[in-house]
Amino acid sequence: MATATRSKPEHVSLTTQRKPVTLLEAIREGLWEEMERDPSVFLMGEDIGAYGGAFKVTEGMLDAFGSLRVVDTPISEIGFTGAAAGAAHMGMRPVVEMQFIDFIACAYDMITNYVATSRYRGSGAVPMVIRGPSGGYVRGGPFHSQNPEAAFFHTPGLKIVYPATAYDAKGLIKAAIRDDDPVLFFEHKWLYRRPQLREVLPEEDYVVPIGKARTHREGTDLTIVTYAALVHKSAEAAEVLEKEDGLSVEIIDLRTLLPLDDEAIVASVKKTNRLLIVHEDTRTGGIAGEIAMRVSEKAFEWLDAPIQRVTAIDAPIPYSPPLEDYFLPQTDDIVKAARWLANY
Amino acid sequence: MANRTPTKRAAAIPHGLDREQLLDMYRLVRLTRALEEKLELLFKQSKVIGGLFRSLGQEGESVASAYALRRRDDGTGDVLSPLIRNLGSMLTVGARPDEVVRQYMAKGDSPARGKELNIHFTDYQRGFIGQISPLGDLVPVMAGVTLTFKQRGEDRVGMVYIGDGATSTGAFHEGINLAAVQKCPLVVIVENNGWAYSTPTRMQTAAKSFTDKAAGYGVAADRVDGNDMLAVYGAAKAAVDRARQGGGVTLIQVDTYRRKGHAQHDAHGYMDPAEIDRWATSNDPIDRYVATLTENGWAQAKELATIDARIDRELDEMIAGVEPSPLPDAEEARTDVVSGGPVAAPWYRLSPPDPTKA
């Protein structure tokens, strides 16, 4: 099978040029390096070849790796997700792109019934990654802005990863590809090209372990548990709370949603005694409920206030700016909820 | 026969088969029927856990189609994914009768160790992948299996079975379409047995023939009498050869008939008993195969009777050996969810119960 023979194109060698990369570029470099490292890694999805994907994550890969390893598919989420499982059975490590993560719903049967149960049923591990752009704040409307993680969070047999930084995005996509379990890898499109997230990444190969949360900001008065885009909105809120209220806010970036890093969550709650869970997904049945319940089971006696959550409202995500702004959690919502919690 | 001179040679065996292979196919089809009959007895004795699914009347096409594959046990052969009524295909590619009985009895030493049922089990060495109950899903999976054969330049072939009912699913469409555009070495056997549970084929599709669908995907098609084993073998062999030579996907419509209900618990009152009887008395695949073998002088009735007797004896011995096997340990329910050890036990099952631990 073809491997890249030419020297790397500029757009996937920013790190070796010691240039800062965006979250999107970090994912692209991670994918590229894994394709080079392991000939069993290959990509499948809609328009990922000559076009380079709707967001250009796979730009240049067809030229470098050829059409057997960068497989443009018909519009068929059940088809290519199932095909990825079949390839994984044969020893490959497929990485499937959902053009927008919203379309993962089309493959729900294949993922939950087939892929997630394969190891348990005795059909063996399914080392595959399903990745795609998710999340709102971009005026994408009901079918290009969703956060469907909760539907899969409830499915034993899967892992779910949702990075918030360029460093984590590269380290986690590599870990996801090398993992023997099926991994859903969510990429927040509002974070894809944010200049603020540019960082110079380590030149050496590294992975970020799946299942480990990260302390984004140390604090002592209250814990915010969050992930993806809302790590950054929570950080903005923490700045405001520090300046205006003198509050010291700790932010736990989950990075991996399944399995949840209970230890990190509980340790932080035991330190600050107050917990605010912030996520962009809708409220009812969102993963905040599960986190709250686990803290209640494991650290009830350390709590000085009721656990609270800031989430999207229970509605489909709307398009028009005032509607989307109202629907999604905003920095000011986090400030208000944290303030209430601190004063309880 | 009486008119023939003793020196008259037997008719030539078609499709490049030899006499040993013909007898081997006979053994497999008889084994399939006999094993299901034993399972039915076990079911009546309440020793089968859950449902029992018979392939009565379809054993011939299962065996004959799978017989066209390159069968190996070292993980380098062709790969097949069956449906519930393809016990014959499973046995043909090397699944053992004791594995099937262990599965049906939910034993701890069954291939799926009690986590999956009936013939839903997998062995990549022998080249079969167990189906799951959402029908159609294995078509995309087998598209991916065969895509990998192509990616790696291996001359292996995949064969996937789908019922007339399951051709209505999106998964079927997406899988065969993906395999078609990628020119995957895949053979899709559409088993038209007249029924999807209680729904007749005419309520499943308005198409006159499933081969019409092949045209829609731009793949080769063939249609064959599913109760004529040699015809099925011939069609399957041609499709397998075409796939192996880079000719891509073939859809084969196999016309047959399901002579029982969907499962043992289905009293099939929606079926016409006269129609079932007609298929049983004049179109049974094993009867027809025996007639073909003996009338062409390819086998003697005595040889076949010897094979039958051995099968019955071996099955009885096997079942006696399997019955004492224990059910799995309950804690086994926690294993193999993901890599890295079992999932947590519920805290109230711990000793002493401790909610902070799970």
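The text that follows walks through the structure, step by step, so that each part is easy to find. A quick note: this is a predicted structure, and the numbers were derived from the prediction, not measured.

Right, let's talk about the overall build of chain A for a bit. The helix and strand inventory of chain A stands at twelve helices and twelve strands. Reported as C-alpha extents along the three principal axes, the dimensions of chain A are approximately 60 × 45 × 40 Å. Considering only contacts within chain A whose residues lie at least 6 apart along the sequence, 81% involve residues at least 24 apart. Entry remark: accessible area of chain A is about 12300 Å², with carbon and sulfur atoms responsible for 53%. Within chain A, one finds 36 positive and 49 negative side-chain charges whose respective centroids are separated by 2 Å.

In this structure, Met44, Tyr114 and Leu184 of chain A together with Val188 of chain B are the most contacted members of the largest nonpolar core, which totals 84 residues. No other element matches the eight residues that helix α5 (residues 138-152) of chain B contributes to this core. If we skip the residues at most four places from it in the chain, Val188 of chain B touches Val160, Ile162, Phe172, Ile176, Val249, Thr250, Leu251 and Ile252 of chain B. Membership of the second largest hydrophobic core comes to 66 residues, among which are Ile84, Ile286, Leu293 and Leu304 of chain B.

Right, let's talk about unusual backbone geometry for a bit. Following Leu258 of chain A, the chain continues into Pro259 of chain A via a peptide bond in cis, with omega recorded as 0°. Relative to the helices and strands, Pro259 of chain A is located in the loop between β10 (256-258) and α9 (262-272). Note the cis peptide between Ser351 of chain B and Pro352 of chain B, where omega equals -5°. For Pro352 of chain B, the position within the fold is in the segment after α11 (301-322). Here the phi dihedral of Arg255 of chain A falls at roughly 60°; this positive angle occurs in a residue that is not glycine. Tracing the chain through its elements places Arg255 of chain A in the loop between β9 (249-253) and β10. The phi angle at His268 of chain B is positive, at roughly 40°, despite the residue not being glycine.

Residue and element names in this part refer to chain B. With parallel pairing, the five strands of this open sheet are ordered in space as β1-β2-β3-β7-β6. The strands lining the two open edges of the sheet, one partner per strand, are β1 (79-81) and β6 (220-225). Averaged over all adjacent pairs, the angle separating strand axes in this sheet is 20°, with direction ignored. Strand contacts of α5: β1, β2 (158-163) and β3 (186-192), with the helix running at about 170° to β2, the strand carrying the most contacts.

Let us look at the interface of chain A and chain B. On the side of chain B, 43 residues touch chain A, which itself brings 39 residues to the contact. Here chain A and chain B share an interface that buries about 3200 Å² over both sides, 62% of which is from carbon and sulfur atoms. Among the residues chain A hides against chain B, the three largest losses belong to Met90, Tyr120 and Arg121 of chain A. Together they make up 23% of the total. Put simply, chain A and chain B have zero salt bridges between them. Summed over the shared surface of chain A and chain B, the result is twelve residue pairs in polar contact (both at pLDDT 80 or more). Broken down by secondary-structure element, the contributors of at least two residues to the side of chain A that touches chain B are β1 (41-45), β2 (70-72), α3 (77-89), α4 (108-115), α5 (118-121) and α10 (287-299) of chain A. The greatest single-element share of the side of chain A that touches chain B, amounting to ten residues, is contributed by α3 of chain A.

Conventions and cut-offs
- Residues numbered from 1 in each chain as written.
- Chains lettered and ligands numbered in written order.
- Predicted model: local features only at pLDDT ≥ 70, side-chain atom pairs only at ≥ 80, totals over all residues.
- Heavy atoms only, no water.
- Helix = DSSP H or I, 4+ residues; strand = E, 2+ residues; numbered from the N terminus.
- Contact = heavy atoms within 4.5 Å.
- Areas by Shrake-Rupley, 256 points an atom, 1.4 Å probe, with all protein chains shown as cover.
- Lys, Arg positive; Asp, Glu negative; His and termini not counted.
- Charge placed at Lys NZ, Arg CZ, Asp CG, Glu CD.
- Core = buried A, V, L, I, M, F, W, Y, C linked by side-chain atoms within 4.5 Å.
- Buried < 20%, exposed > 50% of the residue type's maximum accessible area, 1.4 Å probe, protein only.
- Pairing = 2+ DSSP bridges.
- Axes fitted to C-alpha atoms, helices over the stretch in contact; angles between N-to-C directions.
- Buried area = accessible area lost by both parts, 1.4 Å probe.
- Salt bridge = Lys/Arg side-chain N within 4 Å of Asp/Glu carboxyl O.
- Polar contact = N/O pair within 3.5 Å; in protein donor to acceptor, adjacent residues only side chain to side chain.

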